[in-house]
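Residue-level listing of the chains:
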Amino acid sequence: MSEEEKKEENVRVGIFVCHCGSNIGGLIDCHKLAEESKELPFVAHAEDNLYTCSETGLAAIKKAIEEHNLNRVVVASCTPRTHEPLFRECISEAGLNPYLFNFVNIRDQCTWVHMKHAQEAYDKAKDLIKMGAAKAVKLEPLEMIMVNITPAAMVIGGGVAGMSAALSLSRQGFKTYLVEKEDKLGGRLNSLYKLFPYDIDASEFIGNIISNVQNAKNLEILTSSQVINIEGFVGNFEVEVEHNGTINTFEIGAIIVAVGSSILDPTGLFGYDGNKRITQFELESKLKNNKINQKDIIMIQCVGSRIEERPYCSSVCCMTALKNALNIKDQNPEAHITILFRDLYTPGTEYEEYYRKAREQGVLFVKYDPEKMPVIEETQVKVFNEYINTEMTIPYDLLVLSTPLVANDDNKELAQMLKVPLEANKFFLEAHVKLRPNDFATDGVYIGGSAKWPVDITESISQGYAAASRASTILSHDTIEVEGATSCLPEYNKSLCTGCEVCVKVCPFNAIIKNEDDEIEIIEALCKGCGVCAATCTNQALVIRHFTDDQIMSEIFAYGGE
Amino acid sequence: MSFEPKLLGFLCNWCSYAGADLAGVSRIQYPPNMRVIRVMCSGRVDPKFLIQALELGIDGVYVMGCHIGDCHYLEGNYEALRKFDMTKKLLSFVGLDNRIRLDWVSASEGVRFGEVVSKFVEDIRALGPSPLSRDNPDQELLKKVKAINMAAGTKRLRALVGRQRKITEEENVYGEKVPEEEFNELLDTALKEEYDRQRILLALARDSKSVKDLAVELSLEPSLVLEHMLTLKGRSQVDFQEIIGNTPLFMRI
Ligand code: FES
């Protein structure tokens, strides 16, 4: 659209600057920012709000749209990655096309990262608003694209999280496939002894869930099976699963990742030998077979976790150690148990009780300093006790290492198939830790359990249910609207297209074809709007809606000056 | 007061923009010199965006995308890399190539985002203000950068770069693959030729000129200019205007 056409359309931009409490307003003057934005071209209204995303803020936007006849809205606040949907919905409730909204990030990428440079942060926010408003002027209304939903789910991983998710979905009436790479369901729980809290027998517990899964309607179990390829998009995934050399393809509407985690290989840590010096995990199977007759037992916490290479807390090891210490005492009341720990983590109403009980039963707790690691000798451990400031020598005939859960080796391949990210420790990374804890940024793909970070059984089950519930928000619809910001070859650019077909080759989703009329055509449901084709188009004929050359150039010019 | 670089960054939505947000959530502090334009994928970044920004006197431009193999759209960042390399080569004709940078920053690399931005600010500060910066742009250089901008829009260069991965990574119908070095030679020649041709077109913007005049004005070999004129004539971008004495004058169409 040219300047002339803009005037004709009578573009009226409204700008809303959010204080975000003191997150933005505490550093820079939001009122002044709003006042100054009134000077920008086509801006008809500007105001600042304490929280633009609150009920009051949203009402203010709607009111201003009406009062000032706004047809473009810019919000300068946190980040579009979390709040764009909210504001789009708000303006569409006020009768505007949701794409006539533009987001300016002045918190996450401005006040939060320039806390000691108030003036510079102000200048930056001002530039960003200017750029955002310039783009807003060029925005055009777009239609969402309707796609059909296949009412079937696939849950990847047959551990306790995956089974909980699959049960929940199948009970809601959705055809559900549960894919497990091992030959039986149950995951880690198959080799545990007793579960905290309440010392429930693990085999019995998991046995019940497995039989529920096996008897569930609508639920197909695919054991010894592996996902090898995933194509498509929300509501319309095609998943290839390999089983004993044969490959089957499934049509799936939503996918849940519940692949769990692995156990750290303890080789080389604290003299591990799998015999006299074992992991908690190995201890569980010994307990299962009633084979603990050792007298002097030492457990060491945080073995291979909370260190530089693996900085995270594995979250289940404290409780595992307490639980196992009590279980040993049960089988062998004579045992002396010492737990060497860095910090003890027993949150909530149930878990602290384990610590109290352990103390009552004479389990000894010794805090060690990671700077002065315990030294493991053949039959004794030397440890510097922080509380009494002396080195202690403790004899042992069984040493148990509390090693962390780690990300699976094959997470990377699955992440690539799903186009979802992993975090620094190679666990799966959710869309947002607080706002969307069981979603991925990719629509139609959800996550639950230890695939995200180590969690205990209770939490795995909750997350399995959570992921299932998130998936059902998609599956319960016949159709869904997807992103309208796709590539297109507009009528007015058709003459520019030379038919060179470079775009056809460069599109990662095969969304561009040459049709029977020998014209370039974009299949919009397949297009994901990445924009590679437009950046490539040899005669600059293709347009990426919502990120057009014109729109991006207007941002560049707004910043660089005409 | 030391010079504060004016920087622009193009961040892909899925990784680098998320990484920049994470830097915020973690309160990582970095210098406030860079303004960000969000794009869905680094592959969206047209060479013209970078050149235009430099032409406007912006001191440095950063492109950031997901790590190779992690692009949300599978291969967008491979394309970004090719386009970026081409842009860098074009800008090297005028010594502005060290003012653009490409990096991969993932959604979990908040700390790293802060680090790479700080480093970029430092490096551009060391380079000093762009010779095209607002107060006093170098007019001669500006013309050359305009020519580069136009060259980046030519069908020939765009088609070459757009096909680069197919040409060098996959076999053609005759079962042959063009080796990377061979392709690069081809590309280098094309870049230089298109750059010179755009300079000629710019020089002809106002008046008609002879080959000899153009050769002097642009410091090019007359024979080379003549070759270019013939190509440009073939593309119907220039034509003879008149012949004065024995010398033909060319004009832009
Ligand atoms: S989405 Fe980040 S580079 Fe493509």
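Residues numbered from 1 in each chain as written. Chains lettered and ligands numbered in written order. Predicted model: local features only at pLDDT ≥ 70, side-chain atom pairs only at ≥ 80, totals over all residues. Heavy atoms only, no water.

## Describing the packing of helix H2 (residues 47-55) of chain B against helix H3 (residues 76-92) of chain B
Residue and element names in this part refer to chain B. H3 packs onto H2 with a crossing angle of 35° between their chain directions and a minimal axis gap of 9 Å. Handedness of the crossing formed by H2 with H3: right-handed. Here Pro47, Leu50, Ile51 and Leu54 of H2 lie close against H3, whose contacting residues are Lys83, Phe84, Met86, Thr87 and Leu91. Residue classes in the contact of H2 with H3 are distributed as 7 nonpolar, 1 polar and 1 charged. (Axes fitted to C-alpha atoms, helices over the stretch in contact; angles between N-to-C directions. Helix = DSSP H or I, 4+ residues; strand = E, 2+ residues; numbered from the N terminus. Left-handed = near helix turned anticlockwise from the far one by under 90°. Contact = heavy atoms within 4.5 Å. Nonpolar A, V, L, I, M, F, W, Y, C, P; charged D, E, K, R; others polar.)

## Quick look at the domain arrangement of chain B
All names here are of chain B. Along its sequence, chain B is organised into domain 1 (7-127) and domain 2 (154-252). Each of domain 1 and domain 2 has a C-alpha centre, and the two are 30 Å apart. The interface is formed by 12 residues belonging to domain 1 together with 14 residues belonging to domain 2. Together, the buried faces of domain 1 and domain 2 total about 1,200 Å²; carbon and sulfur atoms form 57% of this surface. Between domain 1 and domain 2 we count 5 salt bridges in total. Along the contact surface separating domain 1 from domain 2 lie 6 residue pairs in polar contact (both at pLDDT 80 or more). (Domains from an automatic or database assignment. Buried area = accessible area lost by both parts, 1.4 Å probe. Salt bridge = Lys/Arg side-chain N within 4 Å of Asp/Glu carboxyl O. Polar contact = N/O pair within 3.5 Å; in protein donor to acceptor, adjacent residues only side chain to side chain.)

## Some remarks on the side chain of Asn105(A)
In this structure, Asn105(A) sits in strand E4 (residues 101-105). By relative accessible area, which is 5% here, Asn105(A) ends up buried. Side-chain polar atoms of Asn105(A) contact the backbone nitrogen of Arg107(A), separated by 3.5 Å. Aside from chain neighbours lying at most four places away, what touches Asn105(A) is Ser77(A), Cys78(A), Thr79(A), Pro80(A), Cys110(A), Leu128(A), Tyr17(B) and Asp21(B). (Buried < 20%, exposed > 50% of the residue type's maximum accessible area, 1.4 Å probe, protein only.)

## Examining the interface of chain A and chain B
Size of an interface, as often reported, equals the accessible area lost when the parts are brought together. Between chain A and chain B, the contact holds 61 residues from the first and 58 residues from the second. Summing the contributions of chain A and of chain B, the shared interface buries around 5,000 Å²; its carbon and sulfur component is 61%. Our enumeration of links across chain A and chain B arrives at 5 salt bridges. Between Lys412(A) and Asp70(B) there is a salt bridge, with its nearest N and O atoms 3.4 Å apart.

## Quick look at the nonpolar core
Formed by 113 residues in total, the largest nonpolar core has its most connected members in Ile15(A), Ile556(A), Leu8(B) and Phe10(B). The biggest single contributor to this core is helix H6 (residues 118-138) of chain A, with 10 residues. Those residues in contact with Leu8(B) that lie beyond four places of it in its chain are Met131(A), Ile556(A), Tyr559(A), Met34(B), Arg35(B), Ile37(B), Ala53(B), Ile58(B), Gly60(B), Val61(B) and Tyr62(B). Among the nonpolar cores identified, the runner-up in size contains 40 residues, and Leu192(A), Ile210(A), Ala471(A) and Val482(A) belong to it. (Core = buried A, V, L, I, M, F, W, Y, C linked by side-chain atoms within 4.5 Å.)

## Side note on the pattern of salt bridges
Per the stated rule, a full pass over the model turns up 51 salt bridges over all chains. Here Glu430(A) and Lys452(A) are joined by a salt bridge, their closest N and O atoms 3.8 Å apart. With Glu430(A) in the loop between helix H12 (411-418) and strand E25 (445-447) and Lys452(A) in the loop between E25 and helix H13 (457-475), this residue pair connects regions lying 22 residues apart in the sequence. Considered together, Glu430(A) and Lys452(A) belong to a single accessibility category, that of buried residues. Residues Arg44(B) and Asp549(A) are paired through a salt bridge, measuring 2.6 Å at the closest nitrogen-oxygen approach. Note that Arg44(B) is positioned in the loop between strand E2 (34-39) and H2 and Asp549(A) in helix H16 (residues 549-560), a pairing that runs across two chains.

## Describing the domain arrangement of chain A
Under the domain assignment used here, chain A contains domain 1 (3-142), domain 2 (152-261 + 407-480), domain 3 (263-404) and domain 4 (483-545). In this structure, domain 3 of chain A and domain 4 of chain A have C-alpha centres spaced 61 Å apart.

## Some details on the pairing of strand E26 (residues 479-482) of chain A
All names here are of chain A. Across the two faces of E26 the burial differs, with Ile480 and Val482 buried and Thr479 and Glu481 not buried at all. Inspection of the sheet shows strand E5 (residues 145-148) paired to E26 by 4 bridges, in the antiparallel sense. Its bridge partner being in E26, Ile145 is matched across the sheet by Val482. (Pairing = 2+ DSSP bridges.)

## Focus on the state of the cysteines
Residues and elements named next belong to chain A. Summed over all chains, the structure comprises 0 disulfides over all chains. Cysteine Cys533 shares no disulfide, and the gap to the nearest cysteine sulfur, in Cys527, comes to 6.2 Å. Taking relative accessible area as the criterion, Cys533 reaches 7% and is therefore assigned buried. (Disulfide = S-S within 2.5 Å.)

## Details of the sheet that holds E4(A)
Residue and element names in this part refer to chain A. If you walk across this open sheet you meet the 4 strands as E2-E1-E3-E4, and the pairing is parallel. Across the chains shown, the open sheet's two edge strands, defined by having one partner strand only, are strand E2 (43-49) and E4. For this sheet the average axis-to-axis angle between neighbouring strands, irrespective of direction, equals 15°. Where helix H2 (residues 30-37) meets the sheet, its contacts fall on strand E1 (13-18) and E2, and the angle it forms with E2 comes to roughly 175°. Against the sheet, H6 touches E1, strand E3 (72-77) and E4, its axis set at about 165° to E4.

## A short note on the environment of Ala126(B)
Along the chain, the position of Ala126(B) falls in helix H4 (residues 110-127). Counting along the chain gives 31 residues from Ala126(B) to Gly95(B), while the straight-line C-alpha distance between them is 15 Å.

## Quick look at the sheet that holds strand E22 (residues 390-395) of chain A
Working definition: the strands of a sheet are paired by backbone hydrogen bonds and lie parallel or antiparallel to each other. All names here are of chain A. What the 3 strands build is an open sheet, ordered E20-E21-E22; its pairing is antiparallel. Every other strand in the sheet has two partners, leaving strand E20 (375-376) and E22 as the edge strands with one partner each. Here 6 bridges tie strand E21 (residues 380-385) to E22, and the two strands are oriented antiparallel to one another. When the bridges of E22 are listed, Lys382 appears paired with Thr393.

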